[in-house]
Each structure stands twice: as structure tokens, then as C-alpha cells.
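# Chain and residue survey
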Amino acid sequence: MKKIPYDVAVAKQAEVLERNRPTLAAAGRGFADRVAPDAVIGVMGIGASYYAGLSALRELWKLGRRAILVDAGQLWEDPEVSVVDAYLAISASGESRETVQAIRALRDADKPVVVAAVMAEDTERLGSISDQSIPCADPDDSVPATVSYMGTLQALGFLVAALGGADLDVIEREWAAVPRAIDTLFTELEQPADQVTDRFATTTAFDFVGDKDSLGSAAEGALLLREAPRVPTAWFDSRSYLHGPMESLQSDRGIVLVGDAGEDGLQIIARQAAAIDCPRVIITHTPQDDLDVPQLVVPDLGGGLVRAAVEMAALQVLSGRLAVRLDRTSGKFRYPQDQLKLDRV
């Protein structure tokens, strides 16, 4: 995949979503037809792809499908291990070494699994060993990834809906509204994001906390802040955060909340963060007038992975503006790991 500047990649996401969407309903139905109704589904990825899978996991559960999230790094050297009946293997490049090798090992061992590869259209490695390839992104992306992540969310949205027997016409209409919405957010949220990045620029660590439906967004947001402005982060779901991890929160450490601002766990955490006046912000589709936390408000266009997409637009703005504020916009990793991509080994 060709690397392009972060702001260029962010700006092209709407066009990529529009381009890929017309193929996804049929692709989703095709994969669903291959998977038995009682099959256990494994959503597999590594890095950002793993977090996209995290956003899909709960949606599969809500639609009545048994599913687990599979870290490719835990399976890639264990060819005798097969933990599910069908895999959604996510790798926008199609070249992530661990994901490709894990699937190849299953194929070489003649394991009776069905595999759909969620990746950019022009990739070959993962697609060649999968039953079906689902286009999700574009050959050009930024460091850290933006286009491929957003595109993966859309592809997974259709796949999950098809597997759960949801109305794909409804899903199509929801996703059709996303490109214009995220383009608007990229402009409208710059100023409110800048208002919080002044404090964020001197903050040495951040916790990202999401409610149960926004956990994948919180996880990927934490990764964005580690990769772009290079700030140490951690991520948690709101209820787990209250069971101990919140103890490290103090006035010189930041917190980014993601999800329903009325959710009980986020409300408790927001009040504590305000009480100690730590750097803080919430990304939400349900603004609260009485919440003493700066709010980056995203539209409520639907649940599931549509919700994750609009949350991600706000997180991309926040991460990008902080990187600009800290002058960390080189668009390159300081510690490149070329051996992790098969076409670079």
C-alpha cells in the first residue's frame, strides 16, 4: 500500500466509502450463504484490524450469532489450532504476516473453515487463500491508518448484518449517509478539537474509555494517539474502568470518553474527571448540558458499525490536530517493522 499524508488520507475517506459500498450487500449475502446458522464465527485481525473486529463483535452477538475476537498473533504459529467454524480475516493490506500465515496454516491442515478476507481490492496474499474477498479500502493510506480502518468498518457492517439476517436495505441507507456526515465532521470539529488540544499537548498519558457499544472506537482511538502524536495510551470499557484502572487518573493525566454520554459508567467517570479537572473530552452522539466535559458531538445515524464510523471521524480529527500541535506529522513510523508485511520480507 502506498503511504500518503494523514490529512490527504482523511479527506479521501468519503470517496472510498462511496466507491466500495455498492458491492457490499451482495458480498455480505454471499458469505452468509456459506456459513451455517449455528457456526461459531471468529473475527480475526492484528493491530488496527483487531480493533475494527472489536467493533463488529458485539453487533454479531446482538444479532444472535455466536462469535469471538481472534488475535492473529496468538494463532499464526499454531497450525493445529482451529477455534471457530468461519473466519472474518481482516487485513487491509492483505499482507499482514500473522493473519495470512494463520489462515494459510488452517488451509494447509485441511481444517473445515470458511474464510472471508476483508481487504483492499488489489491485494493478493490473503485473498488467494480465502473463500471470498470483500473490498474495504484503497491502495493508498496514511500512517497511522485512516482510510483502511474506515473502509473496514463499512465492509464489516454489511457482513455482520448479512450474517445476522438483518435488513441490508436499511444498512445500505444508513451507510449512504456516512460519507457526507464524516466530511462535515472533518471541518466542523477542528475548532472544538483545538480547544482541548492546548491542554492535551502537555499531557503525558491518556486513558480511552468507551461504553459497551463504543469499545472498539476507544481502542482504535488509543492506537491513533500512540501512532500519530505518539502519546502513551490505554483503553478500557466503562464498567471495567471503574473496577480499578481508574486509580491512576489524576490532574496531569488525560481521559477521552467515547459513547453514550448518558451511560451510567461514562457519567460516573466524567464526574470524577471533572472533579480533579484533568484534561478531558467526550466523543458522543448524545450531548449532555450538565456534563462538565468538553464534547465533540457526532450525528446519530444508526447503531453498530455506522456509529463506530462517525466516532472514528471525530477521533481522527482529535489525533490529527494534536499531532499538528506537537509537530509530529512526518507520516512515518519511527520504528518501522517491515518484516510484519509479507511483501516487504
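So, a few notes on the structure that sits alongside this text. Keep in mind the model is a prediction, meaning the values are calculated, not measured. (Residues numbered from 1 in each chain as written. Predicted model: local features only at pLDDT ≥ 70, side-chain atom pairs only at ≥ 80, totals over all residues. Heavy atoms only, no water.)

Regarding its fold elements, the protein chain presents 12 helices and 12 strands. Taking 2.2 N^0.38 as the reference for a compact globule, 345 residues should give roughly 20 Å; the C-alpha atoms of the protein chain span a radius of gyration of 19 Å, in line with that estimate. Taken along its principal axes, the extent of the C-alpha atoms in the protein chain is 55 × 40 × 40 Å. Per-residue burial over the protein chain gives 56% buried out of 345 residues. Across the protein chain, every contact between residues at least 6 apart in sequence was considered, and the portion connecting residues at least 24 apart equals 76%. (Helix = DSSP H or I, 4+ residues; strand = E, 2+ residues; numbered from the N terminus. Rg over C-alpha atoms; globule rule 2.2 N^0.38 Å. Buried < 20%, exposed > 50% of the residue type's maximum accessible area, 1.4 Å probe, protein only. Contact = heavy atoms within 4.5 Å.)

Sheet architecture is open: 5 strands sit in the order 3-2-4-5-6, paired in parallel fashion. A strand with exactly one partner marks an edge of an open sheet, and here the two such strands are strand 3 (67–71) and strand 6 (132–135). The sheet shows a mean angle of 20° between the axes of neighbouring strands, direction not considered. Where strand 2 (residues 41–45) and strand 4 (residues 86–90) come together, 4 bridges link them in parallel fashion. From the neighbouring strand, G42 faces strand 4, where its bridge partner is Y87. Most of the contacts of helix 5 (residues 147–163) go to strand 4, to which it runs at about 170°, and overall it touches strand 2, strand 4, strand 5 (114–119) and strand 6. (Pairing = 2+ DSSP bridges. Axes fitted to C-alpha atoms, helices over the stretch in contact; angles between N-to-C directions.)

With that out of the way, let us pick up the sheet that holds strand 9 (residues 233–237). Across the sheet, which stays open at both edges, the 5 strands sit in the order 9-8-10-11-12 with parallel pairing between neighbours. Only two strands of the sheet have a single partner each, and these edge strands are strand 9 and strand 12 (295–297). Taken over all neighbouring pairs, the strand axes of this sheet differ in orientation by 15° on average, direction set aside. Relative to strand 12, strand 11 (residues 280–284) runs parallel, the two sharing 3 bridges. Bridge pairing links I283 to L296 in strand 12. The sheet contacts of helix 11 (residues 264–276) involve strand 8 (206–210), strand 10 (254–258) and strand 11, and relative to strand 10 the element is tilted by about 155°.

Because an α-helix packs 3.6 residues into every turn, residues spaced three or four apart end up facing the same way. Considered for burial, the residues of helix 8 (residues 190–200) that qualify are A193, V196, T197 and F200. Along the axis of helix 8, the buried positions cluster into a sector of 115°, meaning they face one direction only. Exposed side of helix 8, more than 90 degrees from the buried face: Q191 and Q195 are the residues found there. Summarising the contacts, the buried residues of helix 8 are in contact with strand 8, strand 10, strand 11, strand 12 and helix 12 (304–325). (Arc of directions from axis to C-beta.)

A word on the environment of D277. Tracing the backbone through its elements, the reader meets D277 in the loop between helix 11 and strand 11. Expressed as a C-alpha distance, the spacing of D277 and D252, which sit 25 residues apart in the sequence, is 8.8 Å. Apart from residues lying up to four places away in sequence, D277 is in contact with R199 and S251. A polar contact of 3.0 Å, which involves the side chain of D277, links it to the side chain of R280. (Polar contact = N/O pair within 3.5 Å; in protein donor to acceptor, adjacent residues only side chain to side chain.)

Next up on the list: the pattern of salt bridges. Under the counting rule described, the total for this entry stands at 19 salt bridges. The partner of D213 in a salt bridge is R58, and the shortest N-O contact between them spans 2.6 Å. Of this pair, D213 sits in the loop between strand 8 and helix 9 (215–227) while R58 is found in helix 3 (residues 48–62), placing the two residues 155 residues apart along the sequence. (Salt bridge = Lys/Arg side-chain N within 4 Å of Asp/Glu carboxyl O.)

A word on the environment of R58. The exposure class of R58 is partly exposed, given its relative accessible area of 23%. Ignoring anything within four residues of it in the chain, the contact list for R58 reads K212 and D213. Of the polar contacts made by the side chain of R58, one reaches the side chain of D213; its length is 2.6 Å.

Residues V143 and P144 are joined by a peptide bond in cis, for which omega reads 0°. Phi is positive for D327, which is not a glycine, with a value near 55°. As for its placement among the helices and strands, D327 is situated in the segment after helix 12.

In this section: the environment of F186. Along the chain, F186 falls in helix 7 (residues 178–188). On the basis of relative accessibility, which here comes to 10%, the residue F186 falls in the buried class. Taking the C-alpha atoms as reference points, F186 and T202, 16 residues apart in sequence, are found 24 Å from one another. Excluding its chain neighbours within four sequence positions, the residues that come into contact with F186 are V10, Q13, A313, Q316 and V317.

With that settled, consider the packing of helix 7 against helix 12. Where helix 7 meets helix 12, the axes come as close as 9 Å, and the angle between the chain directions of the two elements is 20°. Between helix 7 and helix 12, the angle is such that the two are roughly parallel. Crossing hand, helix 7 versus helix 12: right-handed. Of the residues in helix 12, those touching helix 7 at V178, I182, L185 and F186 are V306, A309, V310, A313, Q316 and V317. Considered class by class, the residues forming the contact of helix 7 with helix 12 number 9 nonpolar, 1 polar and no charged. (Parallel < 35°, antiparallel > 145°, perpendicular 65-115°, else oblique. Left-handed = near helix turned anticlockwise from the far one by under 90°. Nonpolar A, V, L, I, M, F, W, Y, C, P; charged D, E, K, R; others polar.)

So, to be careful, I would describe these as geometric facts and stop short of saying anything about function.
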